[in-house]
Amino acid sequence: MIVMGVESSCDETSVALVKDGKTVLSNAVLSQIDIHREYGGVVPEIASREHVKGISLVFDQAVKRAGIAFSDIDLIAVTAGPGLIGSLLIGVAAAKVIAMNFDIPIIGIHHIAGHIYANNIEHDLEFPCLALVVSGGHTQLIVMKGHYDFQIIGETADDAVGEAYDKIARVLGLPYPGGPLVDKKAALGKDLYKLPRPLIDSGDFQFSFSGLKSHVINLHHNMVQRQEPFAVEDICASFQEAVTDVLVKKTKEAAHRYAVKQVIVAGGVAANKGLRAKMTREITDVPVYFPGMAYCTDNAAMIAVAGYFKFQKTGKADDYAINGDSRLELK
Ligand code: KG4
Ligand code: ZN
């Protein structure tokens, strides 16, 4: 079964073709990062316009690279939410046009289901499974007892991990998106500042990162005011150690409590080298998997994989009334 994935929820325009929920035939991604960098973050209006400009090209690239024709496609899976509504609508409208034109069934996918299913490209999901979702918009622990069965057991009360990374990067003068740069600098610094590990001993699976973020911003501000010497690398290392300590400890506790067979990490922050190393080092009794680097941040291959499994599970597609929903719930 060949599934076409379409993703446009934020600042990446992407179309992919994936066979049987596993083999990526093509994954064309047009990133707008260079355009938004100038503004220090994603500007929704510009994002929508860039999706309009780029989407036809990305459809063509995906189909050409896969060496197939539109008529070979069995299902179109499109991100229906959550995300920026203007951006979502471009992908959904384009996917509908292809679906109607070639008479292909269409299915709406939750963006986070996509991030989770990115893991299935390299390792088959095995259940029960625990997913740690860490992206720019989400921080959640999710238990799956089978395909397309999501139970959120904990999430952040405020900032998502990626969001905290990006805000700290901005204060430290690093360009958008700062997460990958903080990660690089952290590798060169020391955990000097012994920052708080929010909710680490709470015994549940809730998270909170806005207090830690403010702590880092105040620490930096005070050192600048007092003209104290400091290294940005040490601030990055201290922040990364604090965040990853909390994420790893809670994930480990949840893996044991729910007796899972597998732990998977999903979302842009799954690319974080410090997190990857600590998860593998600390969780040794259950296999821990990460998506390949190209499938951590937003891409359409993950949406196609999720679409395959959602279709297998429910046996039905959506109708052409399908629409974007910026606050879509995971189910
Ligand atoms: O999943 P994603 O591409 O988009 C959302 O669904 O939000 O995640 C983007 C987020 C950004 O906040 C980015 O800074 C962060 O993932 N990110 C990282 C790293 N690579 C991407 N954060 C920390 N370390 C990284 N290596
Ligand atoms: Zn994402």
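See the structure shown above.
Residues numbered from 1 in each chain as written. Chains lettered and ligands numbered in written order. Predicted model: local features only at pLDDT ≥ 70, side-chain atom pairs only at ≥ 80, totals over all residues. Heavy atoms only, no water.

Here the focus is the environment of Val 305. Positionally, Val 305 belongs in helix H10 (residues 301-314). Separated by 184 residues in sequence, Val 305 and Ile 121 place their C-alpha atoms 7.8 Å apart. With residues near it in sequence (within four places) discarded, Val 305 still touches Val 18, Gly 21, Tyr 117, Asn 120 and Ile 121. (Helix = DSSP H or I, 4+ residues; strand = E, 2+ residues; numbered from the N terminus. Contact = heavy atoms within 4.5 Å.)

Before going further, it helps to spend a moment on the layout of surface pockets. The computed volume of the second largest pocket comes to approximately 180 Å³. Around the second largest pocket sit Ala 80, Gly 108, Ile 109, His 110, Tyr 148, Lys 310, Asp 318, Asn 323, Asp 325, Leu 328, Glu 329 and Lys 331, which together line it. In terms of residue count, strand S5 (residues 106-110) provides more of the lining of the second largest pocket than any other element does, three residues in total. In the lining of the second largest pocket, the residues fall into four nonpolar, three polar and five charged. (1 Å grid on protein atoms, 1.4 Å probe; cavity = no way out; pocket = protein on both sides within 12 Å on 5 of 7 lines; lining within 4 Å. Points joined across faces, edges and corners; volume = space filled by probe spheres on them. Nonpolar A, V, L, I, M, F, W, Y, C, P; charged D, E, K, R; others polar.)

This brings us to the nonpolar core. The biggest cluster of nonpolar side chains holds 47 residues, and the ones touching the most others in it are Leu 130, Phe 239, Leu 247, Val 265 and Met 279. Mapped onto this core, the elements with two or more residues apiece are strand S6 (129-134), strand S7 (139-144), helix H5 (161-171), helix H6 (179-186), helix H7 (210-225), helix H8 (232-257), strand S9 (262-266) and helix H9 (273-282). For this core, the leading source of residues is H8, giving eleven residues. Excluding anything up to four places from it in sequence, Phe 239 contacts Ala 164, Tyr 165, Ile 168, Val 182, Leu 195, Leu 212 and Val 216. In terms of nonpolar packing, the next biggest core, distinct from the first, is built from 35 residues, Ala 118, Ile 121, Ile 264 and Ala 304 among them. (Core = buried A, V, L, I, M, F, W, Y, C linked by side-chain atoms within 4.5 Å. Buried < 20%, exposed > 50% of the residue type's maximum accessible area, 1.4 Å probe, protein only.)

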